[in-house]
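Residue-level listing of the chains:
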Amino acid sequence: MKALLLAGGMCFVYVLAMTIAFRYARRNIRNAAFLTRLFFLTVPIAIVLYFFTPGDLGFLPDPLLENKAIEISFMLFVYGSCFFGGILQVYGLADRGFSLRISIDIEKSARGSLTVEEVIESYSMGRGTRWLYEKRTEGLETLNLIEVRGSIVRITPAGQRIAVPLAWLRRFLKAENDETRSSI
């Protein structure tokens, strides 16, 4: 039980640290890499907290496990699962979700509505959908998953090694409609 409570407490501490960093950072740090580094910086704090708190935290029944290594491993597993499966995913939806970002831009507009052209031009606080396309292709190119030559975009062998199984997984999970399936 101590492991679960500490993992939950660490999630709270993490979200608090993330919020403070986003509000007061002098440079743009709002990305998944920063959040992951912050997570790994908090892992030692969780381990130290485990060792410096009593086994019953002052109010729990006697510990079910006496093996500290197993309990610490369980705590880190739960904390990591909450981060990678929860906090990071919610951040991704809020920050990078294309449809959600459009909704946010419309909500933030002066009249609470936009034309289709205004949506295209104002996407992501005025950067536009062209910026989105360039940012995504630049990221894929940096990861060596695609190569861009002029107006031609080609998948690399590394990109194909990722795309083929993911396309299969999407078909298997029925995560795409017939039109999407025929284009893969």
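Participant: Teacher, can you tell me more about the overall build of the protein here?
Facilitator: From N to C terminus, the protein includes eight helices and two strands. Of the regular secondary structure in the protein, the N- to C-terminal order runs α-α-α-α-α-α-β-β-α-α. Across the 184 residues of the protein, 26% fall into the buried class. Of the roughly 13,100 Å² that the protein leaves accessible, carbon and sulfur atoms contribute 64%.

Participant: Even after reading the chapter, I still don't get the pattern of salt bridges, so can you show me in this structure?
Facilitator: When the charged atoms of two side chains lie near each other, side chains of opposite charge can form a pair. For the structure shown, the criterion picks out two salt bridges. The salt bridge partner of Arg111 is Glu118, with a shortest N-O separation of 2.5 Å. Judged by its relative accessible area of 52%, Arg111 falls in the exposed class. Of the residues examined, Glu118 reaches a relative accessible area of 26% and is grouped as partly exposed. With a closest N to O distance of 3.2 Å, Glu134 and Arg130 form a salt bridge. Here Arg130 and Glu134 lie together in helix 6 (residues 128-142), a separation of four residues that amounts to about one turn.

Participant: Looking at this model, I keep getting lost on the state of the cysteines. Mind explaining?
Facilitator: Tallying each qualifying case throughout the model produces zero disulfides. Considering cysteine sulfurs only, Cys82 is the nearest to Cys11, which forms no disulfide, with 3.9 Å between them. According to the relative accessible area criterion, Cys82 is partly exposed, its value standing at 33%.

Participant: Mind showing me how you'd approach the environment of Ala32 here?
Facilitator: Among the secondary structure elements, Ala32 is positioned in helix 2 (residues 32-52). Remark: the alpha-carbon pair of Ala32 and Gln89, spanning 57 residues in sequence, is separated by 9.5 Å. Look past the residues within four positions of Ala32 in its chain and what remains in contact with it is Leu88 and Tyr91.

Participant: Sorry, what's going on with the environment of Glu141 here?
Facilitator: On the secondary structure map, Glu141 appears in helix 6. For the pair Glu141 and Arg154, spaced 13 residues apart in the sequence, the C-alpha separation amounts to 9.9 Å. For Glu141, the contacting residues outside a window of four places in its chain are Ile146, Glu147 and Val148.

The rules behind these values
Residues numbered from 1 in each chain as written. Predicted model: local features only at pLDDT ≥ 70, side-chain atom pairs only at ≥ 80, totals over all residues. Heavy atoms only, no water. Helix = DSSP H or I, 4+ residues; strand = E, 2+ residues; numbered from the N terminus. Buried < 20%, exposed > 50% of the residue type's maximum accessible area, 1.4 Å probe, protein only. Areas by Shrake-Rupley, 256 points an atom, 1.4 Å probe, with all protein chains shown as cover. Salt bridge = Lys/Arg side-chain N within 4 Å of Asp/Glu carboxyl O. Disulfide = S-S within 2.5 Å. Contact = heavy atoms within 4.5 Å.

Keep in mind that these numbers describe shape and distance, not what the molecule does.
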